[in-house]
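# Coordinate inspection notes
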Amino acid sequence: MSEETKTTGETDKNPAGAEAQGVSAAETKADEQKPDPAAEAARLRDQLLRTAADFDNFRKRSRREQDDAHRRGQQGVLKDLLPVFDNLERAAQAAETASDAKAVAEGVRMVIKQFEGALEKLGIKRIVAVGAPFDPALHEAIQHLESADQPAGVVLFEVQPGYAWGDQLLRAAMVVVSKGPAKGDVLPS
Amino acid sequence: MGKVIGIDLGTTNSCVAVVERPGVLSANDVKVIPNAEGARTTPSVVGFPPSGERLVGQVARRQAVTNPQQTVYAVKRLMGRKFDATDIQKQIQLAAYEIVQADNGDAWVNIRGELRSPRRSRRSSSLT
């Protein structure tokens, strides 16, 4: 900067000389900017290696984080289910000394209700099956039976209930599907 | 750099995976792509229910009991095979769907009167 000021100051005295000086200064500058190819290659190579190493670390870390998140998710669900297990244990203990089987059944029913509450809290819903039209997106057909009172394609029985978690199917309901009336049978209107 | 997708079209299940960088160095470089249901493999099954839609994978398998003649599975065994081949004749005994002879002698599948090739139809692509 100071050199430039000096040049400007000298312009009046020797304009031609100043001009020559300016050109040579620009040339020197261009020379400085031109990189040494070998040094540049080494620099870029170093940069590439560092980036590759960073990326590799990032991949390892994100994999680890994914595993951790998976574990944490499971933890949340298990924590919600543990009280249900506690009560089931208590029910089994009580059943050993209880004289009234009905009271035990009532207790177990309460535990089921608690379990249903836990599922609801998690956003898990039971799939409606019996009486609904068979839908392979929700139901898994394990048997196809003739039925006098249900038209073809309707779910007759539920062998095992199915559950959905939001939009996702957790488990399809195992169902028996109607084939419609057997030949000779008449569907009641 | 483009990504490479690999498809394993299996007799029973199919699987799709992607390699996200050039040069496979370890199994960590290959990532299986889960299907819409979140499963890493998809049953190689296609169902043609009376409603006219086409069901693929797990959904097709769930309705197989209600629709055995129009549910195609293990169709890979028919690919590129002649109808007369002994193993195809054996498959005809085992399969619930109807295997027929196409004009060129290949083993095809008959779905409600419509002949479908295991190779060229959209079915093979819908299996993957």
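All of these numbers come straight from a predicted model, not from anything done at the bench. (Residues numbered from 1 in each chain as written. Chains lettered and ligands numbered in written order. Predicted model: local features only at pLDDT ≥ 70, side-chain atom pairs only at ≥ 80, totals over all residues. Heavy atoms only, no water.)

## Here's the deal with the overall build of chain B
For chain B, the count of helices and strands is three helices and 10 strands. Seen in sequence order, chain B has helices and strands lined up from the N terminus as β-β-β-β-β-β-α-β-α-β-β-β-α. Per-residue burial for chain B yields a buried fraction of 43% across its 128 residues. When contacts within chain B are restricted to residue pairs at least 6 apart in sequence, long-range pairs at least 24 apart make up 39% of them. As presented, chain B carries roughly 7200 Å² of accessible surface, and 52% of it is formed by carbon and sulfur atoms. (Helix = DSSP H or I, 4+ residues; strand = E, 2+ residues; numbered from the N terminus. Buried < 20%, exposed > 50% of the residue type's maximum accessible area, 1.4 Å probe, protein only. Contact = heavy atoms within 4.5 Å. Areas by Shrake-Rupley, 256 points an atom, 1.4 Å probe, with all protein chains shown as cover.)

## Focus on the pattern of salt bridges
All names here are of chain A. One pass over the full model with this rule turns up 11 salt bridges over all chains. Residues Asp-56 and Lys-60 are paired through a salt bridge, measuring 3.5 Å at the closest nitrogen-oxygen approach. Of the two residues, Asp-56 and Lys-60 are both situated in helix H3 (residues 37-97); the distance of four residues between them amounts to about one turn of the helix. For Lys-60, a relative accessible area of 51% translates into the label exposed. Via salt bridges that share partners, Asp-56, Arg-59 and Lys-60 belong to a single interconnected network. (Salt bridge = Lys/Arg side-chain N within 4 Å of Asp/Glu carboxyl O.)

## Some points on the side chain of Gln91(B)
Among the secondary structure elements, Gln91(B) is positioned in helix H2 (residues 86-94). Those residues in contact with Gln91(B) that sit more than four places away from it in its chain are Tyr73(B), Ala74(B), Arg77(B), Leu78(B), Tyr97(B) and Ile99(B).

## Observations regarding the confidence of the model for chain A
Per-residue confidence for chain A averages 83 on the pLDDT scale, and 80% of its residues sit at or above 70. Here residues 1-15 of chain A is a poorly scored stretch, pLDDT under 50, and it has three contacts once near neighbours within four places are set aside; other chains count. (pLDDT = per-residue confidence, 0-100.)

## Some points on the sheet that holds strand S5 (residues 45-47) of chain B
All names here are of chain B. With antiparallel pairing, three strands are arranged side by side in an open sheet as S6-S5-S7. Since the sheet does not close on itself, it has two edges, and those belong to strand S6 (55-56) and strand S7 (71-73), each with one partner. Where S5 and S6 come together, two bridges link them in antiparallel fashion. Among the inter-strand pairings, Gly-47 is bridged to a residue of S6, identified as Leu-55. (Pairing = 2+ DSSP bridges.)

## Description of the sheet that holds strand S5 (residues 168-171) of chain A
Residue and element names in this part refer to chain A. Spatially, S1-S4-S5 is the arrangement adopted by the three strands of the open sheet, whose pairing is antiparallel. Unpaired on one side and paired on the other, strand S1 (124-126) and S5 mark the two borders of the sheet. Going across the sheet, the axis of each strand differs from the next one's by a mean of 35°, ignoring polarity. One ladder, built from three bridges, connects S1 with strand S4 (residues 163-165); its direction is antiparallel. Along S4, the bridge assignment pairs Ile-124 with Trp-165. (Axes fitted to C-alpha atoms, helices over the stretch in contact; angles between N-to-C directions.)

## Comments concerning H3(A)
For H3(A), with 61 residues, the first-to-last C-alpha span of 89 Å sits near the 90 Å given by 1.5 Å per residue. Along H3(A), the largest kink reaches about 30° and is centred on Leu81(A); proline Pro83(A) follows within four residues of it. (Expected span 1.5 Å × (residues − 1). Bend = angle between axes of the 7 residues up to and from the residue.)

## Details of the environment of Ile142(A)
Residue and element names in this part refer to chain A. Checked against the element boundaries, Ile-142 lands in strand S2 (residues 139-145). Classification of Ile-142 by relative accessible area gives partly exposed; the value is 37%. Put simply, Ile-142 and Val-177 are 35 residues apart on the chain and 8.0 Å apart in space, counted from C-alpha to C-alpha.

## Some words on the interface of chain A and chain B
The interface is formed by 18 residues belonging to chain A together with 10 residues belonging to chain B. In total, chain A and chain B occlude about 1000 Å² of area from one another, counting both sides; carbon and sulfur atoms represent 55% of this. At the boundary of chain A with chain B, the tally comes to zero salt bridges. Applying the counting rule to chain A against chain B returns two residue pairs in polar contact (both at pLDDT 80 or more). Sorting the residues of the side of chain A that touches chain B by element identifies H3, S2 and S5 of chain A as the ones contributing at least two each. Ranked by residues supplied to the side of chain A that touches chain B, first place goes to S2(A) with six residues. Split by residue class, the side of chain A that touches chain B holds 10 nonpolar, four polar and four charged. (Buried area = accessible area lost by both parts, 1.4 Å probe. Polar contact = N/O pair within 3.5 Å; in protein donor to acceptor, adjacent residues only side chain to side chain. Nonpolar A, V, L, I, M, F, W, Y, C, P; charged D, E, K, R; others polar.)

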